[in-house]
Structures are given as structure tokens and as C-alpha cells.
Amino acid sequence: MATLIAVDDDLDLLRLIRIALEKDGHRVLTFTNPEAVGEDDWAQADLILLDVMMPQQSGFELCQKIRGRLSCPILFLSARSEEEMMIEGLGYGADDYLTKPFSLSVLRSRIQAHLRREQRRSWIRQDGWQVDWQQDVAFRGQPLALTRSEKEILIALRRQPGRIWTKDQLLALINGWDRDSGPAAITEHIKNIRSKCRKLNEDPIETVWGIGYRWKKEDAEKPGL
């Protein structure tokens, strides 16, 4: 059983979400006002659902506020389907973006996919990289606060440094083929990964123009610590 938090000013939608997710055995905490969510509530969360457009505080603002201290998956729910909105949301550290109206079956499957990823453990201990699903990614002892989607992309690229991954392949890897956001989400995730790596003077991802991305060969051949 996972503890899920859903914040949305639509009370009827929250009721439907709670009923559907409780049938899956989850504990669901719902709030119509983001200011009503206490620190103890956030600390219990295994996954968070945030409406984007709320009168008291936008989901983007709330995500930015809590992301620095929470590593669990955050999914945005929004009636706005513009690609720019999705990209902005991912830029705040969200892991997914679901456009309203959505079916409860899609929501449930998306949540289960994120929770399964949370249960997996993967390790990389070479070339200065340290990756553990229970910890932050680190390079030469310096942490990178990656989201779960960013971490999965980095792991895939690092494990097969000679392979070129297309955006569609990376999209399928992190969330399956049933996506609302499209390949632009991968562009934003790669941008975020690069930005965080460059703060540690590392730039490991190469763009193969017109095809996709791969781990830079020279980085893969660096001696380990």
C-alpha cells in the first residue's frame, strides 16, 4: 500500500480519484487547498498528484516549493494541453503530466508504473558515477538531485554508452507508450540532466542530431575512482 496525496480544487474529481485509488489498496489523502497540506502529510507521500490551476497557489509553484525536500514522483493534472505548459511543468521537477479529462484507468496505470519504478533498485559504481534508487545520483561524491524520470534516462544512457536512444524509446522507457506529453518531454528531461551535471563540471550526454541521444564515449572510457 502506498500513501498518495492529491491536491485539486475540484472536489468531485478528488472523490473519484480517492475511490479509484483506494480500490487499488492505496491510502489517499485529498486536499482542495494546497495550504491545508501539512509537513507531516508531505513526509508520508509515496506519490503526489497536483492540479496545475488552483486559485490559492498554482501546482507549478507548489511543486517548486516541495520538490527540494521530496524525491517521490509528482504528477501534474491539468486541463491545459499546450506543449509549453507540459515543458514548464517538467522543468519544475515533475515526473509526469496528465491532461484532463483523463480516464481513471489511465491514471491508475500511470501511478502503478511510477510506484513500480520506486521499488526497483539499480546501481552504477564506475567512472565516478554512483547511482542507487534509494539515494541521489552522485558524481565523484557530489550529488545530483535528479527526478525519477531523469534518473532512469541517465541510467539507460550510461549502461549502454554506444547506443543511440531515440526520444520515443526514452519516452517508452520512463512511462510507456501511452503518453499525452510526447517526445518534447524527453527534450526537457535531457535539458534538466545536463544543467545539473554541468554544475559539477560534467557534460556526459551527446546529442546525435536527427536521431536522439547517447552517452559520450570519452566519458564512458574514463577510469573509475
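Scoring rules and cut-offs
- Residues numbered from 1 in each chain as written.
- Predicted model: local features only at pLDDT ≥ 70, side-chain atom pairs only at ≥ 80, totals over all residues.
- Heavy atoms only, no water.
- Pairing = 2+ DSSP bridges.
- Helix = DSSP H or I, 4+ residues; strand = E, 2+ residues; numbered from the N terminus.
- Contact = heavy atoms within 4.5 Å.
- Axes fitted to C-alpha atoms, helices over the stretch in contact; angles between N-to-C directions.
- Core = buried A, V, L, I, M, F, W, Y, C linked by side-chain atoms within 4.5 Å.
- Buried < 20%, exposed > 50% of the residue type's maximum accessible area, 1.4 Å probe, protein only.
- Phe/Tyr/Trp six-rings, centres within 6.5 Å; stacked < 30°, edge-to-face > 60°.

## Comments concerning the sheet that holds strand β11 (residues 205-208)
Sheet strands associate in pairs through backbone hydrogen bonding, adopting either a parallel or an antiparallel arrangement.
Part 1: Reading across from one edge, β10-β12-β11 is the order of the three strands in this open sheet, with antiparallel pairing throughout. In this open sheet, the two edge strands, each paired with only one partner strand, are β10 (165-166) and β11.
Part 2: On top of the sheet, helix α6 (residues 148-159) reaches β10, β11 and β12 (212-215); it is set at about 65 degrees to β12, its chief contact.
Part 3: Each of β11 and β12 is contacted by helix α8 (residues 184-198), which is oriented at about 145 degrees to β11, the strand it contacts most.

## Comments concerning unusual backbone geometry
Part 1: Note the cis peptide between Lys 100 and Pro 101, where omega equals -5 degrees.
Part 2: Looking at where Pro 101 falls in the secondary structure, it is placed in the loop between β5 (96-99) and α5 (104-119).
Part 3: Although it is not a glycine, Asn 201 sits at a positive phi angle of roughly 60 degrees.
Part 4: One can find Asn 201 in the loop between α8 and β11.

## Thoughts on the nonpolar core
Part 1: Within the largest apolar cluster, 26 residues are counted, with the highest numbers of intra-cluster contacts made by Ile 5, Val 7, Trp 42, Ile 48, Leu 50, Ile 66 and Phe 76.
Part 2: Broken down by secondary-structure element, the contributors of at least two residues to this core are β1 (3-7), β2 (27-31), β3 (47-51), α3 (59-67), β4 (74-78), α4 (83-91) and α8.
Part 3: Looking at this core, the element that brings in the most residues is α3, giving four residues.
Part 4: Here Val 7 is in contact with Leu 14, Phe 31, Asn 33, Pro 34, Val 37, Trp 42, Leu 49, Leu 50, Asp 51 and Met 54, once residues within four sequence places are set aside.
Part 5: Judged by nonpolar contacts, the second largest core, of 20 residues, contains Ile 153, Leu 157, Leu 170 and Cys 197.

## Description of the pairing of β11
Part 1: Examined bridge by bridge, β11 and β12 share four bridges and lie antiparallel to one another. Each bridged residue has a counterpart across the sheet, and for Ile 205 the counterpart in β12 is Trp 215.
Part 2: Counting the residues in the hairpin turn of β11 and β12 gives three residues, including Gly 210, whose phi is positive at 85 degrees.

## Notes on the environment of Gly 59
Part 1: By secondary structure assignment, the location of Gly 59 is in helix α3.
Part 2: In the structure, Gly 59 is positioned 17 residues away from Phe 76 in sequence and 7.3 Å away in space, judged by C-alpha atoms.

## Let's talk about the environment of Ala 43
Part 1: Looking at the element boundaries, Ala 43 is found in helix α2 (residues 39-44).
Part 2: Sequence separation of Ala 43 and Thr 3 is 40 residues, and the distance between their C-alpha atoms is 10.0 Å.

## Regarding the packing of aromatic side chains
Part 1: Evaluation of the coordinates by the stated rule reveals three aromatic pairs.
Part 2: Residues Phe 60 and Phe 76 carry aromatic rings whose centres are separated by 5.0 Å and whose planes lie at 75 degrees to one another, so their mutual orientation is edge-to-face. Residue Phe 60 is found in helix α3, and its partner Phe 76 is found in strand β4; the two are separated by 16 residues along the sequence.
Part 3: Overall, the relative accessible area of 0% leaves Phe 76 in the buried class.
Part 4: Every member of this aromatic cluster is reached through a ring pair, and the members are Phe 60, Phe 76, Tyr 92 and Tyr 97.

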